[in-house]
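Coordinates in review
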Amino acid sequence: MVVPILDLATEIEFLWDDLMAAITRVLRSGQFILGPEVEAFEREVAEYLGVKHAIGLNSGTDALVIGLRALGVGPGDEVITTPFTFFATAEAISLVGATPVFVDIDPRTFNLDPELIPAAITPRTKAILPVHLYGRPAEMEPILAIAEEHGLKVLEDCAQAFGATYSGRKVGTLGHAGAFSFFPSKNLGAYGDGGLLVTDDDQVAEMARMLRAHGSRRKYHNEMVGYNSRLDALQAAILRVKLPHVDRWNAQRREVARRYNQLLDGVPGLVLPEITEGHVFHQYTVRILGGKRDAVQQSLARAGIGTMVYYPIPLHRLPVYGHSEGSLLEAERVASEVLSLPMGLHLDGVAQGGVVKKLIESL
Ligand SMILES: *Cc1c(COP(=O)(O)O)cnc(C)c1O
């Protein structure tokens, strides 16, 4: 039995005719940079998310960079974020000249622990950047309350949480802006790089539109130093094919998670993820206790079962940020325990049963 952690072939096969029609339409139009296809996607995705502005960008990383700059974050500022995330979260803060200030996570949610945020606020703090890790919405209510009290901006990193909801609202629409990634493996993925910034704020949106086109509203009338960071028309057309299916796919992911939790219930040495409201399970991630994680991963690999460790090194321990060990204990502990199991539309009951059986044998 071979079970990859991720398999896009099922989805591509299912959508084949619609994808070919969309790609052909763009090729025949001759319009590859911005234009009607990108505008149509921006309209449709804004309506889906329930937000005023959606700006198609080159990648999720650029969405974070452009989002931070559009919110006024720059050199000398501090941005509070989680150390337990993909590097791009902190990298974006550094790229705009600001400093990431890492606050420890709640190991139960894998997300920023809101109770620890106030102690990290200084006169230089400008923003909070929560991540909805693995598709589980961060604790936005206390985060927004702290931001309000201290006059801070909130940029949500929604790269892993397209379609996730918090108190009935889509993530990305709760803070001042939300950044999404369409990297192929994400819950809504393109077939190449892509990203999106969303906001209800007209000025933030206008700034983001300028920044993605070399800091110009009008061609050759550049007003600031920006980026070349536009969503490709081809990717926009592909995303338009996929967007109408994303709620069903997210529901299937939750169903896979529910089955895992049922099959693994009560197994000693394992901590299972909670199936909370609005969680879209970009990853189904367990904690393996007792220092056995790496051995379990190797044993699953020998059996043909793909797993991943997201993420083995908390960002504050990377040489670029270089904080000493023992400063953010929960993130450090969890990084040595997490293992993400196969997740997606390719997992039928048989494959999932095989994964679970082998996992239990390996423990
Ligand atoms: C994927 C990801 C990003 C970066 O997105 P790209 O489109 O690959 O640039 C940022 N943050 C998180 C949490 C991610 O998972």
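Residues numbered from 1 in each chain as written. Predicted model: local features only at pLDDT ≥ 70, side-chain atom pairs only at ≥ 80, totals over all residues. Heavy atoms only, no water.

**Quick word on the site of the ligand**
For the ligand, the set of nearby residues contains 16 residues, the closest of which are Gly 60, Thr 61, Asp 157, Ser 181 and Lys 186. The contact in question runs from an oxygen atom of the ligand to an N or O atom on the backbone of Gly 60, over 2.7 Å. In this structure, an oxygen atom belonging to the ligand sits 2.5 Å away from a side-chain N or O atom of Thr 61. The protein chains hide 93% of the 380 Å² of surface that the ligand would expose on its own. The pocket occupied by the ligand, as judged from atoms lying within 2 Å of grid points, is the largest pocket. The set of elements that each furnish at least two residues to the shell around the ligand consists of helix H3 (60-70) and helix H4 (88-95). Looking at the shell around the ligand, the element that brings in the most residues is H3, giving three residues. Among the residues making up the shell around the ligand, the classes are represented as six nonpolar, eight polar and two charged. (Near = heavy atom within 4 Å. Polar contact = N/O pair within 3.5 Å; in protein donor to acceptor, adjacent residues only side chain to side chain. Areas by Shrake-Rupley, 256 points an atom, 1.4 Å probe, with all protein chains shown as cover. 1 Å grid on protein atoms, 1.4 Å probe; cavity = no way out; pocket = protein on both sides within 12 Å on 5 of 7 lines; lining within 4 Å. Sits in = over half its atoms within 2 Å of the grid points. Helix = DSSP H or I, 4+ residues; strand = E, 2+ residues; numbered from the N terminus. Nonpolar A, V, L, I, M, F, W, Y, C, P; charged D, E, K, R; others polar.)

**Details of the sheet that holds strand E11 (residues 284-288)**
Within the open sheet, the three strands sit side by side as E10-E11-E12. Their pairing is antiparallel. Each edge of the open sheet is held by one strand with a lone partner, namely strand E10 (270-271) and strand E12 (338-341). As paired elements, E11 and E12 share four bridges and run antiparallel to each other. Bridge pairing links Arg 287 to Val 338 in E12. Across the sheet, helix H9 (residues 293-302) is in contact with E11 and E12; its angle to E12 comes to roughly 25°. (Pairing = 2+ DSSP bridges. Contact = heavy atoms within 4.5 Å. Axes fitted to C-alpha atoms, helices over the stretch in contact; angles between N-to-C directions.)

**Examining the packing of aromatic side chains**
Enumeration over the complete set of coordinates arrives at 13 aromatic pairs. Seen from their ring centres, Tyr 260 and Tyr 284 are 4.4 Å apart, and the 25° between their planes marks the pair as stacked. Here Tyr 260 is found in helix H8 (residues 246-264), whereas its partner Tyr 284 is found in strand E11, with 24 residues between them in sequence. For the pair formed by Tyr 260 and Tyr 284, the shared burial category is buried. (Phe/Tyr/Trp six-rings, centres within 6.5 Å; stacked < 30°, edge-to-face > 60°. Buried < 20%, exposed > 50% of the residue type's maximum accessible area, 1.4 Å probe, protein only.)

**Structural notes on empty space enclosed by the protein**
Summary: where empty space remains is shown by rolling a probe the size of a single water molecule over the atoms. Scanning the entire structure with this criterion turns up two cavities of 30 Å³ or more. Estimates place the volume of the largest cavity at around 160 Å³. The element best represented in the lining of the largest cavity is H8, accounting for three residues. For the lining of the largest cavity, the residue count by class is six nonpolar, six polar and five charged. The two domains that each donate at least three residues to the lining of the largest cavity are domain 1 (9-103 + 111-244) and domain 2 (246-362). In this structure, the second largest cavity encloses a volume near 60 Å³. Lining the second largest cavity are Arg 108, Thr 109, Phe 110, Tyr 134, Arg 136, Pro 273, Glu 274, His 279, Phe 281, Gln 283 and Thr 285. Here the residues of the lining of the second largest cavity sort into four nonpolar, four polar and three charged. (Points joined across faces, edges and corners; volume = space filled by probe spheres on them. Domains from an automatic or database assignment.)

**Topic: the packing of helix H2 (residues 36-49) against helix H7 (residues 233-242)**
Between H2 and H7, the shortest axis-to-axis distance is 8 Å and the interhelical angle comes to 40°. Considering their axes alone, H2 and H7 lie oblique with respect to each other. By crossing handedness, the relation of H2 to H7 is classed as left-handed. Between H2, through Glu 37, Val 38, Ala 40, Phe 41 and Glu 44, and H7, the contact on the second element is made entirely by Ala 233, Ala 236, Ala 237, Leu 239 and Arg 240. Of the residues in the contact of H2 with H7, the class split is seven nonpolar, no polar and three charged. (Parallel < 35°, antiparallel > 145°, perpendicular 65-115°, else oblique. Left-handed = near helix turned anticlockwise from the far one by under 90°.)

**A word on the layout of surface pockets**
Considered as a void within the structure, the largest pocket measures approximately 530 Å³ in volume. Around the largest pocket sit 29 residues that line it, and Phe 183, Ser 185, Lys 186, His 282 and Tyr 311 are the ones nearest its centre. Both domains that meet at the lining of the largest pocket, namely domain 1 (9-103 + 111-244) and domain 2 (246-362), each give it at least three residues. Taken as a whole, the second largest pocket holds about 330 Å³ of empty space. In this structure, the second largest pocket is lined by 14 residues; those nearest its centre are Ala 213, Ser 216, Arg 218, Lys 219 and Arg 230. Of the residues assigned to the lining of the second largest pocket, the class counts are five nonpolar, three polar and six charged.

**Some details on the pattern of salt bridges**
By the definition in use, this model includes 19 salt bridges. A salt bridge links Arg 293 to Asp 294; the nearest nitrogen and oxygen atoms lie 2.7 Å apart. In this structure, the salt-bridge partner of Glu 330 is Arg 333, at a minimum N-O distance of 2.5 Å. With Glu 330 and Arg 333 both in helix H10 (residues 329-335), this residue pair falls three residues apart, about one helical turn. The class of Arg 333 is partly exposed, set by a relative accessible area of 35%. Where salt bridges share partners, they join Arg 25, Glu 37, Glu 44 and Arg 240 into one cluster. (Salt bridge = Lys/Arg side-chain N within 4 Å of Asp/Glu carboxyl O.)

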